[in-house]
Amino acid sequence: MGTSELIRLEDLQASRTLSGRKHVLSILVENRPGVLARVAGLFSRRGFNIDTLAVGPTDDANVSRITLTLDGAVHPIDQVTKQLHKLINVLKIRDMEPSETVAREMALFKVSAAVENRAEIVQFAEIFRAKIVDVSRRALIVEVTGSHDKIGAFESMLRPHGLLEMVRTGEVALTRGGD
Amino acid sequence: MRAADAMMEALRAEGVDHIFGIPGGANLPTYDAIVGADLRHVQARHEQAAGHAAEGYAWASGRTGVAFGTSGPGATNLVTAIADAMMDSVPVVFVTGQVRTDLIGTDGFQEADIVGITLPIVKHSVMITDAAQIPVAIHEAFHIASTGRPGPVLVDVPQDLSKEEITYEPPTSPVELAGYRPNTEGNSKQIRIAAKALANSKRPVIYTGGGVIKAEASAELREFCAADRFPVTSTLMGLGAFPSDDPAWLGMLGMHGTRSANYSMDEADLIVAIGARFDDRITGKLSEFAPNAKFIHIDIDPAEISKNVPVHIPIVGDVAKVLPKLTREYQALQTDPSRLDGWWSRINAWQDEYPLTYEPGSEGEIKPQAMIQAMHRVTGGDAIITSDVGQHQMWTAQYYGFNKPRRWINSGGLGTMGYGLPAAIGAKVACPDEQVVCLSGDGSLIMNVQELATAVNEDIPVKVFLMNNGFMGMVRQWQELFWDGNYSGVDNGPSPDWVKLSEAFGAKGLRCDDSADLDEMMQATLDHDGPALLDVRVSPRENCYPMIPAGSAARDMVG
């Protein structure tokens, strides 16, 4: 027997690395009571930290989609997805490839809008393709949809004008193409 | 048919003939249905014990255990047993009563959100919201509990729903669940790579765990190890899968394992982990665990791969299916067994230098280790032994010498004191023709001692060998070794009188405080026709060695 056909132990590599980037997990679950609690509970029990979370229906009434983002610099994503797969109500998990994914967040910003500021806020809104959805004497509510970074950038533009309140959704995402 | 009766039919269809439990208000319909059902209900005296008895039943028989409790405190009393079954992957279906559906969420009498409470400690759980689901949920629960990596499944049944009329037909096809399909076969390519790596290993060690026993893969393990004189060690939970009298056996590994097992892991170049999960009691200091080794890991649960220790060749599958393939692939390589000669002479030197040993006692003194050896003699080394948690558990693991699977039943992962007696009751119910002995400690036994009533009333002739040192011995040992002898809360004092206590329960009680009488007294306990307890007064301050101090490396074993 020639040892050449054997596997040299020194060539073996273990595959457990931190990816170092943000991950978007798209998780299809059975639409039943308590499923979100199981998923959220798993994250807290294993010490995984969810950055954003969005839950909603899919085209199938029996199936809901949980989209969550987490930091692959801190958590081994492989371990996270394997633990999630152990939940019986979890049907499918996709660790979405950033280059093949369209991901969007939505945010509402309530900005203090004195008369002299309004024009500038409206201008920013146009640049970011945001919409003014409510106008009152002292404030505007601006709605914006986009990538996580775009919304962050928009927020930093608005902030100097007096950001009164804001709310952001978690990221939702779909894979590009026809599959 | 009434839903509660459909539940019994579903249980019977799953092959259930024993249930351990306690009734209460919310599961009255269920208990009404038990009366006519063709199965035996063992009435425990505490729901925790009912749960452990179901675990003991599952361990001893390889079947799925069943435990019943009512709502509220009945359900919360089950929590420790559920957590225990989760940690040790024991297939048990727990059925709890729940308050009526119109009371749910109102903080009704004996209401507890048991599904919510147990979410992190179940393999799966379901709260029934529709009476017709009850038998379906039972079938699904058995499927989930017993396949893949086994574990506890909880079915919570509101009282009113179990009284409703439903139609039930036993299923004709196996349960199919979209989100649950365990991979059992193992990837052939990975198995081939594993064989080729193994053939190149000069210092291999086979590290087995409880998964080998769950998979009924003891024979497959023995064939695999015989393929090339591979040295074999096991976790606490895997003892018996490989015979302790085989020359390839290194003894248990880990915190109280043998030096030869731990040193072999420390110097191994390739470790094959089989149905084991790299628990901290095995690895010690993770960064110094088996520093020279590459890892092959065979496990049914993909999430165990690389969870604690990065693995080089993962094989996800049923150990019983993977091992024969690995054995065939390995044999086809026709390796030269002499390449392991050097490794074996190193291991044999450790075995010669560091056998398991202890200082003999003074005249008449009963050393705890000697007590285990005596138990081996009187039981012919072939009893089903259950234990509690602590020094007595480790000494049993070290000195009994298990040669068959399903002979050693104890709480490994959760480390539940109070486990041993109810587990023995469950094991004896499962295997009435086997000798079943609970080897317990005085700190542990009292935590579920009420189950002597179950043993007596239900005529379950379990034997208890009580290793009585008057201390919470393992905690006392740690306080002595690592907390400057600052003893705190570990002296159990003179109470109870175990002989009188046993007799109060209607069991036989015996006492032994002289080593010269030990074998004879043990034999008398075994010979008694009924439950019996032997209170053995052992050396009170004996420490359990050898030992890897928590957070240390294997090569830094002490004692």
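Nothing here was measured: the structure is a model prediction, and the numbers come from that model.

A. A look at the overall build of chain B. Helix and strand content of chain B: 22 helices and 18 strands. Compactness check: chain B gives a C-alpha radius of gyration of 24 Å against a globular reference of 24 Å for 559 residues, within 12% of the reference. Along the first, second and third principal axes, the C-alpha set of chain B runs to 70 × 60 × 40 Å. Looking at chain B residue by residue over its 559 residues, the buried ones come to 60%. The contacts in chain B between residues at least 6 apart in sequence include a share of 76% that link residues at least 24 apart. Within the structure as shown, chain B displays about 20,000 Å² of accessible surface, and the carbon and sulfur contribution to it stands at 49%. Distance between charge centres in chain B, computed from 43 positive and 70 negative side chains, equals 6 Å.

B. Main features of the overall build of chain A. Per the secondary structure count, chain A includes four helices and nine strands. Ordered by position from the N terminus, the helices and strands of chain A form the series β-α-β-β-α-β-β-α-β-β-α-β-β. If one aligns the C-alpha atoms of chain A with their principal axes, the spans along those axes are about 85 × 40 × 35 Å. Counting only residues that meet the buried cut, chain A has 39% of its 179 residues in that class. Across chain A, every contact between residues at least 6 apart in sequence was considered, and the portion connecting residues at least 24 apart equals 75%. Separation of charge centres in chain A, based on 24 positive and 23 negative side chains, amounts to 5 Å.

C. View of the interface of chain B and chain A. The interface is formed by 34 residues belonging to chain B together with 27 residues belonging to chain A. Carbon and sulfur atoms make up 59% of the area that chain B and chain A hide from each other, which totals about 2,500 Å². The closest approach of N and O atoms between Lys86(A) and Asp301(B), which form a salt bridge, is 2.5 Å. Run the count over chain B and chain A and you get nine residue pairs in polar contact (both at pLDDT 80 or more). For the side of chain B that touches chain A, the elements supplying multiple residues, two or more each, are β5 (124-127) and α8 (188-199) of chain B.

D. Structural view of the pairing of strand β4 (residues 92-98) of chain B. Residues and elements named next belong to chain B. Of all seven residues in β4, seven are buried, a share of seventy percent or more. Covered by surrounding structure in β4 are Val92, Phe94, Thr96 and Gln98 together with Val93, Val95 and Gly97, the residues of both alternating faces. With five bridges connecting them, strand β3 (residues 65-69) and β4 associate as parallel partners. What sits directly across from Phe68, in β4, is Val95.

E. Quick peek at the packing of aromatic side chains. All names here are of chain B. Taken as a whole and judged by the stated rule, the model has 19 aromatic pairs over all chains. Aromatic side chains Tyr400 and Phe402 sit 4.8 Å apart centroid to centroid with 40° between the ring planes, which places their arrangement in the tilted category. Here Phe402 falls in the buried class, since its relative accessible area comes to 4%. Positioned above the aromatic ring of Tyr487, the side-chain terminus of Arg541 is 5.5 Å from the ring centre.

F. Structural context of the pattern of salt bridges. Under the counting rule described, the total for this entry stands at 41 salt bridges over all chains. Between Arg2(B) and Asp5(B) there is a salt bridge whose closest N-O contact spans 2.9 Å. Ionic pairing is found between Lys325(B) and Glu185(B), a salt bridge with its closest N-O pair at 3.2 Å. With Lys325(B) in helix α13 (residues 319-332) and Glu185(B) in the loop between β6 (152-158) and α8, this residue pair connects regions lying 140 residues apart in the sequence. We classify Lys325(B) as partly exposed; its relative accessible area is 21%. By relative accessible area, which is 38% here, Glu185(B) ends up partly exposed. Ionic contacts of the salt-bridge type, sharing partners, join the residues Lys86(A), Arg149(B), Asp301(B), Glu304(B) and Lys307(B) into one network.

G. Structural view of the nonpolar core. Ranked by internal contacts, the top residues of the largest apolar core, which has 143 residues, are Ile274(B), Ile298(B), Met371(B) and Phe465(B). Among the elements that make up this core, the one with the highest residue count is helix α3 (residues 47-61) of chain B (seven residues). Apart from the residues within four sequence positions on either side, Ile274(B) is in contact with Ile206(B), Tyr207(B), Thr208(B), Gly209(B), Val212(B), Leu221(B), Phe224(B), Ile298(B), Val319(B) and Leu323(B). Of all hydrophobic cores here, the second largest spans 37 residues; its members include Ile88(A), Ala33(B), Ile134(B) and Leu177(B).

H. The domain arrangement of chain A, seen in detail. Residues and elements named next belong to chain A. According to the domain assignment, chain A consists of domain 1 (22-96) and domain 2 (102-175). Taken over C-alpha atoms, the centre of domain 1 sits 28 Å from the centre of domain 2. Taken together, the contacts link ten residues of domain 1 with seven residues of domain 2. Where domain 1 abuts domain 2, roughly 690 Å² becomes buried across the two surfaces, and 57% of that area is made up of carbon and sulfur atoms. For the interface between domain 1 and domain 2, the tally reads one salt bridge. Inspection of the region where domain 1 meets domain 2 yields three residue pairs in polar contact (both at pLDDT 80 or more). If you list the elements that add at least two residues to the side of domain 1 that touches domain 2, you get β1 (22-30), β2 (52-57), β3 (63-71) and β4 (90-96). Here the side of domain 1 that touches domain 2 is built from residues that sort into four nonpolar, three polar and three charged.

I. Just α13(B), in detail. Residue and element names in this part refer to chain B. The terminal C-alpha atoms of α13 lie 20 Å apart, and with 14 residues this matches the ideal 20 Å at 1.5 Å per residue to within 8%. Buried residues along α13 sit against α8, α9 (210-214), α10 (218-226), β10 (270-274), β11 (294-299) and β12 (313-316). Phi for Gln334, located one or two positions after α13, is positive at around 45°.

Cut-offs used in this document
- Residues numbered from 1 in each chain as written.
- Chains lettered and ligands numbered in written order.
- Predicted model: local features only at pLDDT ≥ 70, side-chain atom pairs only at ≥ 80, totals over all residues.
- Heavy atoms only, no water.
- Helix = DSSP H or I, 4+ residues; strand = E, 2+ residues; numbered from the N terminus.
- Rg over C-alpha atoms; globule rule 2.2 N^0.38 Å.
- Buried < 20%, exposed > 50% of the residue type's maximum accessible area, 1.4 Å probe, protein only.
- Contact = heavy atoms within 4.5 Å.
- Areas by Shrake-Rupley, 256 points an atom, 1.4 Å probe, with all protein chains shown as cover.
- Lys, Arg positive; Asp, Glu negative; His and termini not counted.
- Charge placed at Lys NZ, Arg CZ, Asp CG, Glu CD.
- Buried area = accessible area lost by both parts, 1.4 Å probe.
- Salt bridge = Lys/Arg side-chain N within 4 Å of Asp/Glu carboxyl O.
- Polar contact = N/O pair within 3.5 Å; in protein donor to acceptor, adjacent residues only side chain to side chain.
- Pairing = 2+ DSSP bridges.
- Phe/Tyr/Trp six-rings, centres within 6.5 Å; stacked < 30°, edge-to-face > 60°.
- Lys NZ or Arg CZ within 6 Å of the ring centre and 35° of its normal.
- Core = buried A, V, L, I, M, F, W, Y, C linked by side-chain atoms within 4.5 Å.
- Domains from an automatic or database assignment.
- Nonpolar A, V, L, I, M, F, W, Y, C, P; charged D, E, K, R; others polar.
- Expected span 1.5 Å × (residues − 1).

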